[in-house]
Amino acid sequence: MPLFVLNSLDGTVSVIDPEQGREIKRIPTGKEPHHIYLTPDEKSVIVANALGDSLTFIDPRTAEVQRTVTAILDPYHLRFSPDMKWFVTAANRLNHVDIYRWNGSELTLVKRIPTGKTPSHLWIDSKSTTVYSTMQDSDELVAIDLATQTLKWRIKTGALPADVFGVPGDRLLLVGLTGGDGVEVYDVSGPAPHLVKKLLTGLGAHSFRAAGDGRHVFVSNRVANSISKIDYLTLEVVDRFPAPSGPDDMDISADGKRLFVTSRWAKKLTIIDLASRKVVQQIPVGKSPHGVWTLDHVPRQ
């Protein structure tokens, strides 16, 4: 299966053959593609073009462009709800979260919700009832009720919160602090959230990727040039891997042996062998690579 790397400053997607270890194709998209997500039917992968106000649908197996959907305002981050009824985008530059109905093929905007400053990353609980979003420049975590499309609560966080990861069971959320040196853990099971713990991972804690074993999650430390492995059952950091040149988004091969991470400042995709804990390859891509994704991956929890 091909690997897709989103080149944010080029407005392109690099298609990588993981066996050949090289780029085999480059797909033009809209301006500033940052994140990527699979449709519920697994027939398309969606590239969200934030500055292009559009979505590019690509076949995840053949890397052929299927269609482009326009008039989607500032889709910086994106996520489908587990029940496959909702599609949510975070408008990073326009300070709102959009909630769309998804009928299996088309999107209908239901509500545009003003939020805090610079919505960054999204998470939706397993019951498809609540959307969580970080506010990068107002240092907040907010919760949105999907049924009513209204804000439930907001809480102050550490500096520059970025990605958010929900621990199975829907009780705990992990928040990466790109302006800090670790991950904050929040209990969101009650009517009001509260901070449980802070895990020290490294400067610029940014993006999460579950290891697929039902127990661990990786977080990239963009400033520290490392990746930390967190045991989310014990809430402890249990391992650390080198990851050069501003590690950002990650994916993991289906056999669990290789971790793919974009090296934001080096215009490369870095491949880490998890057994030896070493960088084994770097593949040149476009400018400011951000999202990385393959259909041939370990589970997302």
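> For this particular structure, what's the right way to read the overall build of the protein?
Secondary structure summary: the protein contains zero helices and 28 strands in total. Against the globule reference of 19 Å for 301 residues, the protein gives a C-alpha radius of gyration of 18 Å, in line with a compact fold. Expressed along its principal axes, the backbone C-alpha trace of the protein runs to roughly 50 × 40 × 30 Å. Split into buried and exposed, the 301 residues of the protein put 59% on the buried side. For the protein, the exposed area adds up to about 11600 Å²; of that, 52% sits on carbon and sulfur atoms.

> Could you clarify how one ought to interpret the layout of surface pockets in this entry?
To find leftover empty space, a probe the size of one water molecule is rolled over the atoms. Its boundaries defined by the atoms lining it, the largest pocket holds a volume of some 1000 Å³. What lines the largest pocket is a set of 41 residues, and nearest its centre among them are Tyr37, Arg79, Trp123, Trp293 and Arg300. Of all the secondary structure elements, the ones that give two or more residues to the lining of the largest pocket are β4 (33-38), β8 (77-80), β12 (119-124), β16 (161-166), β20 (205-210), β24 (247-252) and β28 (289-294). Residues of the lining of the largest pocket, tallied by class, amount to 20 nonpolar, 12 polar and nine charged.

> How should I be thinking about the pairing of strand β25 (residues 258-263) in this particular structure?
Residues in a regular strand project their side chains so that they alternate between the two faces of the sheet. For β25, the tally of buried residues reaches five of six residues, placing the bulk of the element in the interior. Inspection of the sheet shows β24 paired to β25 by four bridges, in the antiparallel sense. Considered in β25, the bridge of isoleucine 252 is made with leucine 259. Connecting β24 to the next strand, β25, in antiparallel fashion are five residues, including glycine 256 with a positive phi near 75°. Bridge count between β25 and strand β26 (residues 268-273): six bridges; the pairing is antiparallel. Within β26, the position partnered with threonine 262 by the bridge is leucine 269. Joining the antiparallel neighbours β25 and β26 is a turn of four residues, in which lysine 267 adopts a positive phi near 55°.

> Even after reading the chapter, I still don't get the sheet that holds β20, so can you show me in this structure?
Two modes of strand pairing occur in sheets, parallel and antiparallel, and in both the strands are linked by backbone hydrogen bonds. Spatial ordering of the open sheet is given by β20-β21-β22-β23, a layout of four strands whose pairing is antiparallel. Two strands bound the open sheet, and with one partner strand each, they are β20 and β23 (236-242). Strand-to-strand, the axes of this sheet are offset by a mean angle of 25°, without reference to chain direction. In terms of strand pairing, strand β22 (residues 226-231) meets β23 through six bridges, oriented antiparallel. Its bridge partner being in β23, isoleucine 230 is matched across the sheet by valine 237.

> I would appreciate a short explanation of the nonpolar core in the present structure.
Tyr132, Leu141, Phe165, Leu174 and Val183 are the most contacted members of the largest nonpolar core, which has 27 residues in total. The set of elements that each furnish at least two residues to this core consists of β14 (140-145), β15 (150-156), β16, β17 (172-177), β18 (182-187), β20 and β21 (216-221). Sorting elements by how many residues they give to this core places β17 first, with five residues. Apart from the residues lying within four places of it in its own chain, the contact partners of tyrosine 132 are His121, Leu122, Trp123, Asp125, Leu141, Val142, Ala143, Trp153, Val164, Leu173 and Val188.

> It is not clear to me how unusual backbone geometry should be interpreted in this structure. Could you clarify?
With glycine set apart, most residues show a phi of negative sign, and most peptide bonds adopt trans. For asparagine 225, which is not glycine, the phi torsion reads 55° and is therefore positive. With respect to the element layout, asparagine 225 can be found in the loop between β21 and β22. Despite not being glycine, leucine 235 shows a phi value in the positive range, around 55°. Here leucine 235 lies in the loop between β22 and β23. Residue classification places leucine 235 among the buried positions, given a relative accessible area of 10%.

> Teacher, can you tell me more about the side chain of threonine 178 here?
Secondary-structure assignment places threonine 178 in the loop between β17 and β18. For threonine 178, a relative accessible area of 18% gives the class buried. In terms of polar contacts, threonine 178 uses its side chain to reach the side chain of histidine 206, at 2.9 Å. Beyond its immediate sequence surroundings of up to four residues, threonine 178 is in contact with Ala159, Leu160, Ala162, Gly204, Ala205 and His206.

Rules used in this analysis
Residues numbered from 1 in each chain as written. Predicted model: local features only at pLDDT ≥ 70, side-chain atom pairs only at ≥ 80, totals over all residues. Heavy atoms only, no water. Helix = DSSP H or I, 4+ residues; strand = E, 2+ residues; numbered from the N terminus. Rg over C-alpha atoms; globule rule 2.2 N^0.38 Å. Buried < 20%, exposed > 50% of the residue type's maximum accessible area, 1.4 Å probe, protein only. Areas by Shrake-Rupley, 256 points an atom, 1.4 Å probe, with all protein chains shown as cover. 1 Å grid on protein atoms, 1.4 Å probe; cavity = no way out; pocket = protein on both sides within 12 Å on 5 of 7 lines; lining within 4 Å. Points joined across faces, edges and corners; volume = space filled by probe spheres on them. Nonpolar A, V, L, I, M, F, W, Y, C, P; charged D, E, K, R; others polar. Pairing = 2+ DSSP bridges. Axes fitted to C-alpha atoms, helices over the stretch in contact; angles between N-to-C directions. Core = buried A, V, L, I, M, F, W, Y, C linked by side-chain atoms within 4.5 Å. Contact = heavy atoms within 4.5 Å. Polar contact = N/O pair within 3.5 Å; in protein donor to acceptor, adjacent residues only side chain to side chain.

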